[in-house]
Amino acid sequence: MLSRTADHLYWMARYTERAENTARMLNVNYETGLLPQSASVSQHGWQGVLTLSELMPAYTEKHGEITPEGVMSFMVLDEENPSSIVSCLRAARENARAVRGTLTTEIWETLNQTWLEMARMRRASDLLDDCGDFFEWVKFRSHLSRGVTSGTMLQDDAFHFIRLGTFLERADNTARLLDVKFHALQNDFYGTAKKDRDTEYDFYHWAAILRSVSAFEVYRKVYRDVIKPERVAELLMLRLEMPRSLHHSVNAVLQNLRAVGADLNGDAMRHCGRMRAELRFGTIEEILATGLHAFLTQFLDRANTLGALIGRDFLIPVTD
């Protein structure tokens, strides 16, 4: 496969996944913002959304004070923000258009229709009046895209490059979500939340995190107990059977690297294999003993390095 084709497929999947993850994060902050809380707590939550995407400087330069309306507009509709939902959906559609002949008709029509509907909703100018329904729509269109891809596409190299983009983006976003939310709780997290914390607030805080990755019911099924921070971290990091966990995502990246013929002794495979081994054989107690923030920061650095190695070996070389 031509590296240019692989590059478009890979980034088409990453932008689609990024749009969904942005919608999930905004939705959970929108819902928790409806609960009784102080203005400082509410602002801290919206600040976390910007920190998650490393967009705090860009936002403050353009909008100044952090407000729910400002963050919503910046993360949903701002075309100058490359991580906004509208920018991600446009980029996914443009990458798909560039490799139209490689995709099935169903995949192209799904992505194209998503962009056309997004453009129509923007013209209606009331897009943010009902945020909940809009975020569910973004998630549904992303689910539909993945389902159509799995159900209609020949499982060849093109298919595996799409999966590579999806799971690497998912691993990155899950790690960022965990890092921001746990880092907001304490300067670092070494296990066992403080005993004097408001248990009702804790329940809504951790339940919101679980719902943001569609894991609330999964948590109840796996642990059958009250929601505890340590177990939330374990579920979203180490459980292979959890579709949005770090372990599941990195394992899927490794499998798809093998499928596209990556050199078993090459840098990308070795780097990804080490990441998977740490998640496969590590325990949450070991991770918490050294600090969750330190582990997740290192994971994000490694995920970024892995993306660069995949780009170097398979995609369009980056020129200065």
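Reading guide: rules and limits
Here, residues in each chain are numbered from 1, in the same order as that chain's written sequence. The predicted origin of the model limits local features to residues at a pLDDT of at least 70 and limits the giving and counting of side-chain atom pairs to 80 or more, whereas totals for whole chains, interfaces and linings rest on all residues. Side-chain figures throughout are based on the complete set of non-hydrogen atoms in the structure, without hydrogens or water. Working definition of a nonpolar core: buried Ala, Val, Leu, Ile, Met, Phe, Trp, Tyr and Cys residues. They are joined through side-chain atoms within 4.5 Å. A 1.4 Å probe rolled over the protein chains alone gives each residue an accessible area, and that area as a share of the maximum for its type sets the label: buried under 20%, exposed over 50%, partly exposed in between. Secondary structure elements follow DSSP: runs of H or I no shorter than four residues count as helices, runs of E no shorter than two count as strands, and numbering proceeds from the N terminus. Note on definitions: a residue-residue contact is assigned when non-hydrogen atoms from the two residues lie within 4.5 Å. Note on definitions: angles span 0 to 180 degrees between N-to-C directions of axes, and those axes are lines fitted to C-alpha atoms, for helices only across the stretch in contact. Angles below 35 degrees are treated as roughly parallel, those above 145 as roughly antiparallel, those between 65 and 115 as roughly perpendicular, and all remaining angles as oblique. Definitions for this section: a left-handed crossing has its near helix turned counterclockwise from the far helix by less than a right angle. A right-handed crossing has that turn clockwise. Residue polarity follows a fixed list, in which Ala, Val, Leu, Ile, Met, Phe, Trp, Tyr, Cys and Pro are nonpolar, Asp, Glu, Lys and Arg are charged, and the others, Gly among them, are polar. Working rule for helices: expected span equals 1.5 Å times residues minus one. Think of a salt bridge as a Lys or Arg side-chain nitrogen and an Asp or Glu carboxyl oxygen that are within 4 Å of each other.

1. Regarding the nonpolar core
Phase 1: In this structure, Leu26, Phe134, Met237 and Ile310 are the most contacted members of the largest nonpolar core, which totals 100 residues.
Phase 2: The biggest single contributor to this core is helix α8 (residues 157–185), with 13 residues.
Phase 3: Ignoring any residue separated from it by four or fewer positions in sequence, one finds isoleucine 310 in contact with Tyr10, Leu164, Leu168, Val253, Leu257 and Leu315.

2. Overview of the packing of helix α1 (residues 3–32) against helix α5 (residues 85–98)
Phase 1: Here α1 crosses α5 at 160°, and the two axes come no closer than 8 Å. Judged by the inter-axis angle, α1 sits roughly antiparallel to α5. Seen from above, α1 lies across α5 with left-handed handedness. The residues of α5 that touch α1, namely those facing His8, Trp11, Met12, Tyr15, Thr16, Arg18, Ala19, Thr22, Ala23 and Leu26, are Ile85, Cys88, Leu89, Ala91, Ala92, Asn95, Ala96 and Ala98.
Phase 2: For the contact of α1 with α5, a count of residues per class yields 13 nonpolar, four polar and one charged.

3. Quick look at helix α12 (residues 246–259)
Phase 1: A rise of 1.5 Å per residue sets the reference length of α12, with its 14 residues, at 20 Å; its end C-alpha atoms lie 20 Å apart and thus fit the reference within 8%.
Phase 2: Among the residues of α12, Leu246, His247, Ser249, Val250, Asn251, Ala252, Val253, Leu254, Asn256 and Leu257 are the ones counted as buried.
Phase 3: At the exit of α12 stands glycine 261, carrying a positive phi of roughly 85°.

4. With respect to the pattern of salt bridges
Charged atoms that come close allow side chains of opposite charge to pair.
Phase 1: Considering all chains together, one arrives at 23 salt bridges under this definition.
Phase 2: Arginine 146 is the salt-bridge partner of glutamate 20, the closest N and O atoms lying 2.8 Å from each other. You can see glutamate 20 sitting in helix α1 and its partner arginine 146 sitting in helix α7 (residues 131–152), a full 126 residues away along the chain.
Phase 3: Residue glutamate 20 is classed as buried on the basis of its relative accessible area of 0%.
Phase 4: Between aspartate 313 and arginine 312 there is a salt bridge, with its nearest N and O atoms 3.1 Å apart.
Phase 5: A network of salt bridges, in which partner residues are shared, links Glu17, Glu20, Arg24, Arg146, Arg170 and Arg244.

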